[in-house]
Amino acid sequence: MADLTVSWSTLEAVHGALERATGTFKGASLPAEGGASGSGDIAQAFAAFRTAQERSAEWLADTSRTLGEYAKDTRSLFADADDDLAGKAGGK
């Protein structure tokens, strides 16, 4: 049977990259309110676009944070599974 190898440094790098992504999306620079000029239709389209952009940035920040936590938690989950298997193999 093949061994399962987990690279802690890769998981830590992934976690760090996703933390940075979370900060980037949380602090995304969005157009200011009232940035549209012209007819009401243009202002309304601008407002709808801004709202969609805010929601997308929020979703990306949440997703990055969640994936980063998965990467972080993987280390302890593997250690727990390893200890459990070692205990079962040792008759504990």
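Keep in mind the model is a prediction, meaning the values are calculated, not measured. (Residues numbered from 1 in each chain as written. Predicted model: local features only at pLDDT ≥ 70, side-chain atom pairs only at ≥ 80, totals over all residues. Heavy atoms only, no water.)

## A short note on a nonpolar patch on the surface
At step 1: Among the surface-exposed residues, L4, W8 and F78 lie close enough to one another that they form a single nonpolar patch of about 300 Å² accessible area.
At step 2: For F78, a relative accessible area of 32% translates into the label partly exposed. (Patch = residues over 30% accessible without salt bridge, like charges linked within 9 Å, V, L, I, M, F, W, Y side chains within 5 Å. Areas by Shrake-Rupley, 256 points an atom, 1.4 Å probe, with all protein chains shown as cover. Salt bridge = Lys/Arg side-chain N within 4 Å of Asp/Glu carboxyl O. Buried < 20%, exposed > 50% of the residue type's maximum accessible area, 1.4 Å probe, protein only.)

## Remarks on helix α1 (residues 8-26)
At step 1: With 19 residues, α1 should cover 27 Å at 1.5 Å per step; its first-to-last C-alpha distance of 27 Å lies within 8% of that length.
At step 2: Every buried residue belonging to α1 is among L11, H15, G16, L18, A21 and T22, and all of these are buried.
At step 3: The inward-facing, buried residues of α1 abut α2 (40-89). (Helix = DSSP H or I, 4+ residues; strand = E, 2+ residues; numbered from the N terminus. Expected span 1.5 Å × (residues − 1). Contact = heavy atoms within 4.5 Å.)

## As for the pattern of salt bridges
At step 1: For the structure on display, the rule yields 4 salt bridges.
At step 2: When the shortest N-O distance is used, the salt bridge between R50 and E54 registers 2.4 Å. Here the residue R50 and the residue E54 both occupy positions in helix α2, the gap between them amounting to 4 residues, near one helical turn.
At step 3: On the basis of relative accessibility, which here comes to 13%, the residue R50 falls in the buried class.
At step 4: For E54, a relative accessible area of 29% translates into the label partly exposed.
At step 5: Residue D84 is joined to K88 by a salt bridge in which the shortest nitrogen-to-oxygen separation is 3.4 Å. Taken together, the positions of D84 and K88, both in helix α2 and 4 residues apart, correspond to about one turn of that helix.

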